[in-house]
Amino acid sequence: MSTYDVAVIGSGPGGYVAAIRCAQLGMKTAIIEKYSTLGGTCLNVGCIPSKALLDSSHHYDDAIRHFEDHGIEIPGAVKLNLEKMMERKSSVVSQTCDGVKFLMDKNKIDVIEGVGSFKDKTHINIEKDGETQTIEAKKTIIATGSKPANLPFIELDKERIITSTEALKLKEVPKHMIVIGGGVIGLELGQVYRRLGAEVTVVEFLDRIIPTMDSALSKELQKVLKKQGIKFHTSTKVKSVERNGDEIIIKADDKKDKEIELKGDYCLVSVGRRPFTDGLNADAAGVEIDDKGRVKVNDHLQTNVDNIYAIGDVVRGAMLAHKAEEEGTMVAELMAGQKPHIDYNLIPGVVYTWPEVAAVGKTEEQLKEEGVKYKEGKFPMRALGRSRASGDIDGLVKILADEKTDEVLGVHMIGARTADLIAEAVTAMEFRASAEDISRMSHAHPTYAEAVKEAALAATENRPLHI
């Protein structure tokens, strides 16, 4: 029987990063993965393939709608080759997963393929093709991630009534895709297929899309996506989803409790994700699971069993790949006797639509609820020379700062490349910068980042320079 200092169950961003950090710190490490490729949901059926399709569809949309504005004329019709687009997506996924395998080899981490389940607190059974092997691990990190959630009355056939996994490999562009759920995944994939020619309708139970983000971002994103042709039904409760041949019929109650009926040829169910512990046999190790299906952990991500930890989507908190990575690193360093920490308030959230949406820290709604006195600075992207030059004039940057100390409490932005710009805000807030600190930093001209400086000026003394 092979014995390891650490075994990691699951090879997503949290799991493989944890394994690498454990190996770097001198621990003999194994990683257990039930699929034939490494990388988990994120690399295989999540972050990476969705971004590949977002970029490809963006190029297509530019070619048919925007190139002419830039003086670029394409003789004849621009043709979509969906099969080739999907092949490119698969190639990007394959290269990325191969990269993780390279990192495992480089760090001398044993990769064991199969379904890992606890035999007891220090032994793990790994089953593949009906055969089982057992390893011993002094410590274990559970990194089994999450799966798409569903509503109890919806039967997913994975052909016409689908999750994000199936939406990433459709063989045709839907005529009308109805998206249940106005969160990150539904909006990103909805925009992909809208660009490719589908009619897209989003149905959201709450009163706004991306409801966990600042309301200013929700309002702006919905306005922009409406201009792009996406239809919205907010404050709408879906009651039934039925398939009749190739037609999907959805019945729902709108905000006035009036029944509406929507018909399409595809329905994307995007109502969040659920922690995945199926087959883990946590009971055998004595590991406690909460009523939401999450592994219970303390502030050090340690379960009630002292040698077993859990990270990522399978524990409390936002289901974000970069959050899982930070947790994987922290657990490895704690095992090595170091004293790392994570400030969960400073983990950014991003929506990769175009324009992109990004945020970190407190929303205005949260500050009001907590009774914190704050000041606000806003700056519209359309006032930037860089935005006008590229034609990306939608969006804004909003900075919230403490009324007395001027410390930045939250940064919320929508616009071109805000997924990258948010790192400036995270850095500033990690060092507890004031809005004035940001306003006095030199920002290159012309850039989208100038909007951050201008919003900081607006928050500091209400003196933006360019509006």
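Residues numbered from 1 in each chain as written. Predicted model: local features only at pLDDT ≥ 70, side-chain atom pairs only at ≥ 80, totals over all residues. Heavy atoms only, no water.

K.L.:
Break down the overall build of the chain for me, citing the residues and quoting the values.
P.N.:
Counting secondary structure elements, the chain contains 14 helices and 22 strands. The C-alpha atoms of the chain give 24 Å as radius of gyration, which agrees with the globular expectation for 467 residues (23 Å, within 12%). Referenced to the eigenvectors of the C-alpha coordinate spread, the extents of the chain come out at roughly 65 × 60 × 50 Å. Burial status across the chain gives 53% buried among its 467 residues. Placing the 62 positive and 72 negative side-chain charges of the chain at their respective mean positions leaves the two points 1 Å apart. (Helix = DSSP H or I, 4+ residues; strand = E, 2+ residues; numbered from the N terminus. Rg over C-alpha atoms; globule rule 2.2 N^0.38 Å. Buried < 20%, exposed > 50% of the residue type's maximum accessible area, 1.4 Å probe, protein only. Lys, Arg positive; Asp, Glu negative; His and termini not counted. Charge placed at Lys NZ, Arg CZ, Asp CG, Glu CD.)

K.L.:
Talk me through the packing of helix α1 (residues 13–24) against helix α9 (residues 321–335); I want residue IDs and the actual numbers.
P.N.:
It is at 7 Å that the axes of α1 and α9 come closest, and there the two elements cross at 30°. When the axes of α1 and α9 are compared, the pair comes out roughly parallel. In this structure, α1 crosses over α9, and the sense of that crossing is right-handed. Facing Pro13, Gly14, Tyr16, Val17, Ala18, Arg21 and Cys22 of α1, the residues of α9 in contact are Ala321, Ala324, Glu325, Gly328, Thr329, Ala332, Glu333 and Met335. For the contact of α1 with α9, the class distribution of residues is nine nonpolar, three polar and three charged. (Axes fitted to C-alpha atoms, helices over the stretch in contact; angles between N-to-C directions. Parallel < 35°, antiparallel > 145°, perpendicular 65-115°, else oblique. Left-handed = near helix turned anticlockwise from the far one by under 90°. Contact = heavy atoms within 4.5 Å. Nonpolar A, V, L, I, M, F, W, Y, C, P; charged D, E, K, R; others polar.)

K.L.:
With reference to specific residues and values, describe the pattern of salt bridges.
P.N.:
One pass over the structure, following the stated rule, counts 32 salt bridges. A salt bridge links Lys398 to Glu376, with the shortest nitrogen-to-oxygen separation between them at 3.8 Å. You can see Lys398 sitting in strand β21 (residues 396–402) and its partner Glu376 sitting in strand β20 (residues 374–380), a full 22 residues away along the chain. Using a relative accessible area of 1% as the deciding quantity, one classes Lys398 as buried. Connected via shared salt-bridge partners are Asp157, Glu159, Arg160, Glu172, Arg243 and Asp246. (Salt bridge = Lys/Arg side-chain N within 4 Å of Asp/Glu carboxyl O.)

K.L.:
Tell me about the layout of surface pockets, and please be specific about residues and values.
P.N.:
Taking a probe equal in size to a water molecule and rolling it over the atoms shows the remaining empty space. Taken as a whole, the second largest pocket spans an internal volume of roughly 900 Å³. Along the walls of the second largest pocket sit 31 residues, with His58, Asp62, His66, Trp354 and Asp392 positioned nearest its centre. Secondary-structure elements contributing two or more residues to the lining of the second largest pocket are α3 (47–66), α6 (184–195) and α7 (215–227). For the lining of the second largest pocket, the element with the highest residue contribution is α3, accounting for nine residues. Residue classes in the lining of the second largest pocket are distributed as eight nonpolar, 10 polar and 13 charged. (1 Å grid on protein atoms, 1.4 Å probe; cavity = no way out; pocket = protein on both sides within 12 Å on 5 of 7 lines; lining within 4 Å. Points joined across faces, edges and corners; volume = space filled by probe spheres on them.)

K.L.:
I'd like a description of the sheet that holds strand β19 (residues 356–361), backed by residues and values.
P.N.:
If you trace the five strands from one edge of the open sheet to the other, you get β18-β19-β22-β21-β20, paired in antiparallel fashion. The sheet is open, and its two edges are formed by β18 (349–351) and β20, each paired on a single side. Taking each pair of neighbouring strands and ignoring which way they run, the sheet shows an average axis angle of 10°. With respect to the sheet, helix α12 (residues 418–430) is in contact with β18, β19 and β22 (408–415), its orientation differing from that of β19 by roughly 10°. (Pairing = 2+ DSSP bridges.)

K.L.:
Lay out the pairing of strand β4 (residues 115–120) with the relevant residues and their values.
P.N.:
On a regular strand, each side chain points to the face opposite its neighbour's, so the side chains alternate between the two faces of the sheet. Pairing analysis gives five bridges linking β4 to strand β5 (residues 123–128), with the strands arranged antiparallel. Residue pairing across strands places Ser117 opposite Asn125, the latter belonging to β5. Counted along the chain from β4 to the antiparallel partner β5, the turn is two residues long.

K.L.:
I'd like to hear about the pairing of β21, residue by residue, with values.
P.N.:
Within β21, seven of the seven residues are buried, which leaves it mostly tucked inside the rest of the structure. Of the two faces of β21, the one carrying Leu396, Lys398, Leu400 and Asp402 and the one carrying Val397, Ile399 and Ala401 are both buried. Sheet topology note: the β20/β21 ladder contains seven bridges and is antiparallel. If you follow Gly377 over to β21, its bridge partner there is Ile399. Between β21 and the antiparallel strand that follows it, β22, lie five residues; Asp406 among them carries a positive phi value of about 75°.

K.L.:
How would you explain α6 if you had to name every residue and give the values?
P.N.:
Over its 12 residues, α6 runs 17 Å from end to end, which matches the ideal 16 Å to within 8%, given 1.5 Å per residue. Judged by how many residues are buried, α6 sits mostly within the fold: nine of 12 residues are covered. Listed as buried for α6 are Gly186, Leu187, Glu188, Leu189, Gly190, Gln191, Val192, Tyr193 and Arg195. Two residues or fewer past α6, Gly197 is found with a positive phi of approximately 120°. (Expected span 1.5 Å × (residues − 1).)

K.L.:
Which residues make up the nonpolar core, and what are the values?
P.N.:
Counting 54 residues, the largest nonpolar core has Ile124, Ile141 and Ile142 as its most contacted members. With seven residues, the top contributor of residues to this core is α1. Counting residues in hydrophobic clusters, the runner-up holds 35 residues, among them Val179, Tyr193, Ile230 and Val351. (Core = buried A, V, L, I, M, F, W, Y, C linked by side-chain atoms within 4.5 Å.)

K.L.:
Can you explain a positive patch on the surface? Please cite residues and give values.
P.N.:
Together, Lys226, Lys255, Lys256 and Lys258 give the surface a local cluster of positive charge. With relative accessibility at 72%, the residue Lys256 sits in the exposed group. (Patch = residues over 30% accessible without salt bridge, like charges linked within 9 Å, V, L, I, M, F, W, Y side chains within 5 Å. Areas by Shrake-Rupley, 256 points an atom, 1.4 Å probe, with all protein chains shown as cover.)

K.L.:
So, the environment of Glu166: which residues are in play, and what are the values?
P.N.:
Among the structural elements, Glu166 can be located in helix α5 (residues 164–167). Among the polar contacts listed, one links the side chain of Glu166 to the side chain of Thr163, at a separation of 2.7 Å. (Polar contact = N/O pair within 3.5 Å; in protein donor to acceptor, adjacent residues only side chain to side chain.)

K.L.:
Tell me what's going on with the packing of aromatic side chains, and back it up with residues and numbers.
P.N.:
Across all of its chains, the model carries zero aromatic pairs by this definition. Over the ring of Tyr4 we find Lys28; its NZ or CZ atom is 5.0 Å from the centre of that ring. Directly above the ring of Tyr266 sits Arg160, whose terminal nitrogen or CZ lies 4.5 Å from the centroid. (Phe/Tyr/Trp six-rings, centres within 6.5 Å; stacked < 30°, edge-to-face > 60°. Lys NZ or Arg CZ within 6 Å of the ring centre and 35° of its normal.)

K.L.:
Can you lay out the sheet that holds strand β8 (residues 161–162) for me, pointing to particular residues and giving the numbers?
P.N.:
Spatially, five strands are ordered β8-β15-β9-β10-β11 in an open sheet, and the strand pairing comes out parallel. Here the strands that pair on one side only, and so sit at the sheet edges, are β8 and β11 (231–233). As judged from the two bridges shared by β8 and strand β15 (residues 266–269), these two strands associate in the parallel manner. Bridge assignment links Ile162 to a residue of β15, and that residue is Leu268. Across the sheet, α6 lies against β9 (176–180), β10 (199–203), β11 and β15, angled at about 165° from β10, the strand it touches most.

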